[in-house]
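Structural characterization, general
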Amino acid sequence: KTDPELGLWNSFVNYIQSKKKVFKTIVIPGEEISVYNTNNRVVHLCVLGTNDFIPGSKDGARNQRNTPATMKVEEVIQIIKKKNGYSFAAHPGARSSLFQRIFLKRGVWRKKDIHNDLQGFQTLNGGLSISWRRAQQLWRSMLLNGYRLPLIAGNDAHGDFNRYLAIDKPFINITENFYRYFSCSRTGIYCTSPSEDQILKSLKEGKTFITNGPYIGLSKSCNPEDSIIKNQAVKFTDNTFYVIAYSTPEFGKISVVQVIRGYYDSKCEKFLLNSQVSNQSYYIEKEITIDPDKGLGYIRASVQCLKNDNTKTMAFTSPCYIQIHR
């Protein structure tokens, strides 16, 4: 049954608000909303930082005769913007099963669904799977077309922590796996004083990286706190910046560090650095030289680490955007 009085939602929000001074962890209320894409198929959009419930009802087995009509992506993004919330595309690389497409009318995120006011892109949803590769390809394409889309990571863990349960065949059975466990993939925030307000502010400003273990950042100095990752264009006054990567024995020694520049005019990306690290360390910093006047675009970085069992961990920055001198 639907919940027209929003009893569960209000209980959820009130509980978080009442425990803010008790929790040692910062808990930010959020919602994953079913919305229609431009093909009138259901995709998922997430919101953080607003206590108001936003309806999205066409992706489930509940009786929906008395529920509000599902809204379009752009409609919901504008509602979130007016409420001063934070919106991001949920698992945009995911593909639904045939049964989910038929019975739940699920679709996929495409270029035409990405609105200028969308504030984040959840490329990493659990592991570095085919869903990640699809989302990353779409993300790069949008960046090269001038969109400013910070990266977000999550686990879609469904509250099951280390035992993930989800719909397999709608109305028939569910499935489970152990690859979307709680805290598997994380969103890193470049800020020095974490609080709910500061986290939301940093998300909105594009000061993020995503990781399943190591740290990666771009800075104007050797100090990671001098991060240049943000939505506003950066002026490279001395034509240099630093890439900084950290890891730990848990996540493996650094094996590859990459810094990539994207060019709007030629719609392509080129390496500023593609370094195979041979000294087997947990820390690396490198000074990078750049000529900003070679064209408008962005810079992003990634690090890959190798654990003792030869499994990989990785981290990726959101872009910083280039301001031309002249």
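Below: a short report on this structure. (Residues numbered from 1 in each chain as written. Predicted model: local features only at pLDDT ≥ 70, side-chain atom pairs only at ≥ 80, totals over all residues. Heavy atoms only, no water.)

**Points about helix 4 (residues 130-144)**
Residues spaced three or four apart along an α-helix face the same direction, because each turn holds 3.6 residues. Going by this rule: The helix count covers DSSP runs of H or I at least four residues long, the strand count covers runs of E at least two residues long, and both are numbered beginning at the N terminus. The span expected for a helix works out to 1.5 Å for each residue beyond the first. Only protein chains enter the accessibility calculation, which uses a 1.4 Å probe; a residue whose area is less than 20% of its type maximum is buried, one above 50% is exposed, and one in between is partly exposed.
In this model, helix 4 (15 residues) spans 21 Å end to end at C-alpha, consistent with the 21 Å of a helix rising 1.5 Å per residue. If you check which residues of helix 4 are buried, you get Ser131, Trp132, Ala135, Gln136, Leu138, Trp139, Ser141, Met142, Leu143 and Leu144. One or two positions beyond helix 4, positive phi appears at Gly146, with a value near 95°.

**Concerning the environment of Lys267**
We count it as follows: Contact between two residues is taken to exist if any of their heavy atoms lie within 4.5 Å; hydrogens are not considered.
By the secondary structure assignment, Lys267 is in the loop between strand 13 (253-263) and strand 14 (268-276). Note on Lys267: relative accessible area 43%, which makes it partly exposed. Taking the C-alpha atoms as reference, Lys267 lies 35 Å from Asn310; in sequence the two are 43 residues apart. Other than its neighbours up to four places away in sequence, Lys267 contacts Leu144 and Asn145.

**Side note on the layout of surface pockets**
Our working definition: Detection works on a 1 Å grid of protein atoms alone, calling trapped sets that fit a 1.4 Å probe cavities and calling open sets with protein on both sides within 12 Å along at least five of seven lines pockets, with lining residues defined by an atom within 4 Å of a point. Grid points are joined across faces, edges and corners, and a volume is the space filled by probe spheres set on the points. Nonpolar residues are Ala, Val, Leu, Ile, Met, Phe, Trp, Tyr, Cys and Pro. Charged residues are Asp, Glu, Lys and Arg, and all others, Gly as well, are polar.
Space inside the second largest pocket adds up to approximately 280 Å³. Here the residues of the lining of the second largest pocket sort into six nonpolar, seven polar and four charged.

**Some remarks on the nonpolar core**
Stated formally: Only buried residues count toward a nonpolar core. Its members are Ala, Val, Leu, Ile, Met, Phe, Trp, Tyr and Cys residues joined through side-chain atoms within 4.5 Å.
Counting residues in hydrophobic clusters, the biggest one holds 32 residues, and the most contacted among them are Leu45, Val76, Trp109, Ile114, Leu118, Phe121 and Leu149. Counting residues per element, the ones that place at least two in this core are strand 1 (30-36), strand 2 (42-48), helix 2 (73-82), strand 4 (121-125), helix 4, strand 5 (151-154) and strand 17 (312-317). The leading source of residues in this core is helix 4, at six residues. Beyond its immediate sequence surroundings of up to four residues, Trp109 is in contact with Val43, His44, Leu45, Val73, Ala89, Ala90, Pro92, Ile114, Leu118 and Leu138.

**Here's the deal with the state of the cysteines**
For clarity, the threshold we go by: Counting rule for disulfides: a pair of cysteine sulfur atoms within 2.5 Å.
Across all of its chains, the model carries zero disulfides by this definition. Of all cysteine sulfurs, the one in Cys320 lies closest to Cys268, which takes part in no disulfide; the gap is 17 Å. Accessibility expressed as a relative area gives 23% for Cys268, which makes it partly exposed. Its relative accessible area of 0% is what places Cys320 among the buried residues.

**Describing the packing of aromatic side chains**
In plain terms, the rule: In this scheme Phe, Tyr and Trp rings, the latter by its six-membered ring, pair at centre separations within 6.5 Å, and the angle between planes marks the pair as stacked below 30 degrees, edge-to-face above 60, and tilted otherwise. Only when the NZ of Lys or the CZ of Arg is both within 6 Å of the ring centre and within 35 degrees of the ring normal is a charge said to sit over the ring.
Inspection of the entire model under this criterion finds twelve aromatic pairs. Ring centres of Tyr190 and Phe209 lie 5.2 Å apart, and the angle between their planes is 40°; this geometry places the pair in the tilted category. One end of the pair, Tyr190, is in the loop between strand 8 (186-189) and helix 5 (196-204); the other, Phe209, is in strand 9 (residues 208-211), and 19 residues separate them in sequence. The interplanar angle of 80° and the centroid separation of 5.2 Å between the aromatic rings of Phe209 and Tyr215 together place this pair among those described as edge-to-face. Across the pair, exposure class does not vary: Phe209 and Tyr215 are buried alike. A cation sits over an aromatic face here: Arg148 above Tyr321, 4.4 Å from the ring centre. Across the ring face of Tyr263, the terminal group of Lys270 is positioned such that the distance to the ring centre comes to 5.7 Å.

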